[in-house]
Amino acid sequence: MFRLLCLLTVLGCGCPLDSGMLFPRETSSREVKELNGLWKFRADMSPNRNQGFERAWYKARLEESGPVVDMPVPASYNDITQDSSLRDFIGWVWYEREVLVPARWVAGDGTRLVLRVGSAHYRSVVWVNGVKVTEHEGGHLPFEAEIGSVVRGDPTACRITIAVNNTLTLETLPPGMIQHMDDRTKYPEGFFVQNINFDFFNYAGLHRSVLLYTTPGAYIDDVTVVTDFLDSTGFVKYKVWVQGASTFSMKVDLVDKDGRSVATSSEQAGVLKVADVKLWWPYLMHESPGYLYSLEVRLLAASEDVYTLPVGIRTVNVSSSQFLINNRPFYFHGVNKHEDYDVRGKGFDWPLVVKDFNLLKWLGANSFRTSHYPYAEEILQMCDRHGIVVIDECPGVGIKDIRSFGNASLKHHLFVMDELVRRDKNHPSVVMWSVANEPASEMPPAGLYFKTLIEHTKALDPTRPVTYVTSSNYGRDKGAPYVDIVCVNSYFSWYHDSGHLDVIGIQLNTQFDNWYSLYRKPIIQSEYGADAVAGLHSDPPMMFTEEYQKEVLRSYHSAFDQKRKQYVIGELIWNFADFMTAQGVTRVVGNKKGVFTRQRQPKAAAFLLKERYWALANETGRLPPWTKYPCSQ
C-alpha cells in the first residue's frame, strides 16, 4: 500500500509546461491530416542570413520573393540537391506549403485546429497566412500552435511558412560556436564555419511529420500513467488534464488486446486494478514481449472528446548492482543508433524504421540508447509494441566549453528535459533518462550543473533512473555522484593504445573496478567499438579492417563476462550502423564503427554480435523453445 501511495504522489508531479503533448491520434472526435510531401524551399543566402525577415518573405507566397525548389518533408535538406553550398549551409532556410482545410474544421462550432511540427532543427518560426503563430528553440522535439482563428478568415486555403535555423551556440543543445575567418589572405569576405564538438553531421530541416489535427473545444489535454503490480494484480495510476471546460464528466476504460474491458472509472484521476495482469516484458525476456493495454479516455462536456493511450504495465527498479524490470534482473545487450540514412539524412522514413527493427531482432538486441537526441515518437511506439528497451537521451552532446555550463545554458537544458519527459513519460519501453553524452564533467561547474539537472529530471519523473554518459576519468567526474547508473564510454585500443588489442582486458577491468569502488552503482558500458571499412581485410588484424573490429569486440566481451554477474548491467555497441559526420581527416565519408553499413548490410562483426546476444538471451532460461534458435528469426 505504501508503494501505491508513493506512486499516486508521482501523478501530482508534472512538467512545468503550459500544455500536454499527446501524440496526435485519430479517434471518433479527432481528425489528423499529414502535410508530408513536397514543400517549396529556399535558403537565405544573404550575407547576414536575415533577408527573409527583413523583406518579410512570410507575407506572400515564397516564390514571389525569389526562386524556390522542391523539398521533401520529412527530410534533411542537406543531401537532397547537388548544391554543395546547401549541404553545408548554416543559417535560415524557408519552407512553405499551401493546404486546403476541410470546411467542417473551420465552421465555427468550437473545433480546435492545431498545427504540429514533429521536429525542426534547430530554431523555428511559423506563420500561417502571414500571421506568426509560434516559435520554438531546440531540435528533435515537437511543438504546436492552435491556428483556427487565423484560418477561419480565409478557409479556402492555409499557407504555412516555416523558417528554420540550424545555427548552434554555446547555449543551445547541442552547443556549438560560429567562427568568423577574417584573414583575407586565406578566406573570402564573410567566410565562417560552425564549430561543433559532436561526431555526427549537423543535418537540418523539417525532420519529422508536419500535421494538422482537430479536437473539440473542450478536450483532453494530457494523460499521465504510472504502473505497478502485486502478485497477479496490476495497477494503472492515471491522471487526465482537461482544457476548455470547467464542468464535465469522464469515463476511463482499460481494454486488453482482445478488446475486453478489464477496469473502468469515472474519475479524472485514480487507480485501475487489473486482475490476472499481463505485464509488459522486454524482447527475449518473455514469450509475449511488449504486451499493451489501451487506456480509452472519454470526456463528456459541451461535446465529446475521446483519446486512446497504449499502456504497458511494468516496473523499473535499480539496486547497487542490478537493473530490475518487473523485479527480474535485466541485462542490456543492445546498440547505440542514429537517425541517419542516405539522401534523407535525419528525415523520418517508415521503410528504414521497420528495417532497423528487423535487424535489431535478428541481432538479438533487447535495447538501444537514443544517441544523442530524442528519436521520433513513432520509433518509441515501435519499441513499446516489440519490447525493445530504450535509454532516452536528450540532445546534451558536445558540452565541452566551460561557458556551456552557465545559467542560460542550464535554463535551456532544464526546459528541454521538461519537453522530453512530457512527450515520452508514458512509454513503457523508456526505462531511463539520459541528460547528456560525454560532457566535460571534470570541470568545476559541472557538479552543480548536473546536480540541478538530475534532481529536476527526477522531480519530473521519480519512476525512472537518471544518468548521463561519461568518458571522464573516474574520480574527476563532478556529476557522477548524482546519477543512478554509471554509463561509461571507452575506446581502448582505438583512440588510446591504437592497434594494441592486448591492453583491452586490463584497462577495461581497471575502469570497471575504479568506477564501482567510487560510487557503488551499477555500470553500463554505453559505448565501445572500432571503425571498420566494409570489405577491408587483414590477417593479422589491422585497424579499420573487419577483422580488427571483431577482435576489439571479442576482447571487450571477455571483460564484460567477468563483471556482468557482479555489477555491470549492460553493453551497448557503438554503433548499430555507419553514419555521416562532418568532413575531417579522421573520418572517411562518415563514422565506420557500425556493425552494419549505412545501407544496413552486415559486416563480420554483426554475426559475432548476433551470436553473443542470442547466447546472453538464452542464458535466462525463460524463453520459449523457438527463441533459442536465432536462425528462426
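Note that the coordinates shown come from a computational prediction; the quantities given were computed from them, not determined experimentally.

Draft legend 1. Structural detail: the overall build of the chain. When helices and strands are tallied, the chain shows 11 helices and 32 strands. The C-alpha radius of gyration of the chain comes to 25 Å, within 12% of the 26 Å expected for a compact globule of 633 residues. The dimensions of the chain, computed from C-alpha atoms along their principal axes, are 75 × 70 × 50 Å. Within the chain, the fraction of its 633 residues that count as buried is 59%.

Draft legend 2. Spatial organisation of the packing of helix α5 (residues 350-363) against helix α6 (residues 377-386). Running from N to C, α5 and α6 cross one another at 35°; their axes reach a closest spacing of 11 Å. Our pair here, α5 against α6, has a crossing hand that is right-handed. The segment α5 lies against α6, with W350, V353, V354, F357 and K361 engaging E378, I379, M382, C383 and H386. Here the residues of the contact of α5 with α6 are counted per class, giving seven nonpolar, one polar and two charged.

Draft legend 3. Broad picture of a nonpolar patch on the surface. A cluster of nonpolar side chains, contributed by V533, L536 and F544, occupies part of the molecular surface with about 210 Å² of accessible area. Mapped onto the elements, L536 comes out in the loop between β31 (523-527) and α10 (546-563). Note on L536: relative accessible area 37%, which makes it partly exposed.

Draft legend 4. Representation of the nonpolar core within the structure. Formed by 91 residues in total, the largest nonpolar core has its most connected members in F368, F450 and F596. Of the residues forming this core, the biggest block, eight residues, is contributed by helix α11 (residues 604-618). Setting aside anything within four residues of it in sequence, one finds F450 in contact with F405, V435, A436, P439, Y468 and G479. V223, V297, C487 and I569 belong to the second largest nonpolar core, which has 47 residues in total.

Draft legend 5. Highlighting the domain arrangement of the chain. The domain architecture assigned to the chain consists of domain 1 (31-166 + 202-215), domain 2 (219-314) and domain 3 (333-620). With centres defined by C-alpha atoms, the gap from domain 2 to domain 3 works out at 32 Å. Note on domain 2 versus domain 3: buried area summed over both sides is about 1400 Å², and carbon and sulfur give 59% of it. Of all residues in domain 2, W280, Y283 and L284 give up the largest surface area on contact with domain 3, accounting jointly for 46% of the area buried on that side. In this assembly, domain 2 and domain 3 are joined by one salt bridge.

Draft legend 6. View of the sheet that holds strand β17 (residues 249-255). One open sheet accounts for four strands, arranged β18-β17-β20-β21; its pairing is antiparallel. With partners counted over all chains shown, the strands left at the sheet margins are β18 (261-265) and β21 (304-311), one partner each. Between one strand and the next, the sheet's axes are offset by a mean angle of 15°, whatever the strand orientation. Pairing of strand β20 (residues 293-300) with β21 involves eight bridges; the strand directions are antiparallel.

Draft legend 7. Focus on the pairing of strand β16 (residues 233-243). Examined bridge by bridge, strand β15 (residues 219-230) and β16 share 11 bridges and lie antiparallel to one another. In the sheet register, V226 faces β16, and the bridge partner there is K237. Counting the residues between successive antiparallel strands, the hairpin from β15 to β16 contains two residues, one of them, D231, with a positive phi of roughly 55°. As judged from the six bridges shared by β16 and strand β19 (residues 269-274), these two strands associate in the antiparallel manner. If you follow K237 over to β19, its bridge partner there is V271.

Conventions we followed
Residues numbered from 1 in each chain as written. Predicted model: local features only at pLDDT ≥ 70, side-chain atom pairs only at ≥ 80, totals over all residues. Heavy atoms only, no water. Helix = DSSP H or I, 4+ residues; strand = E, 2+ residues; numbered from the N terminus. Rg over C-alpha atoms; globule rule 2.2 N^0.38 Å. Buried < 20%, exposed > 50% of the residue type's maximum accessible area, 1.4 Å probe, protein only. Axes fitted to C-alpha atoms, helices over the stretch in contact; angles between N-to-C directions. Left-handed = near helix turned anticlockwise from the far one by under 90°. Contact = heavy atoms within 4.5 Å. Nonpolar A, V, L, I, M, F, W, Y, C, P; charged D, E, K, R; others polar. Patch = residues over 30% accessible without salt bridge, like charges linked within 9 Å, V, L, I, M, F, W, Y side chains within 5 Å. Areas by Shrake-Rupley, 256 points an atom, 1.4 Å probe, with all protein chains shown as cover. Salt bridge = Lys/Arg side-chain N within 4 Å of Asp/Glu carboxyl O. Core = buried A, V, L, I, M, F, W, Y, C linked by side-chain atoms within 4.5 Å. Domains from an automatic or database assignment. Buried area = accessible area lost by both parts, 1.4 Å probe. Pairing = 2+ DSSP bridges.

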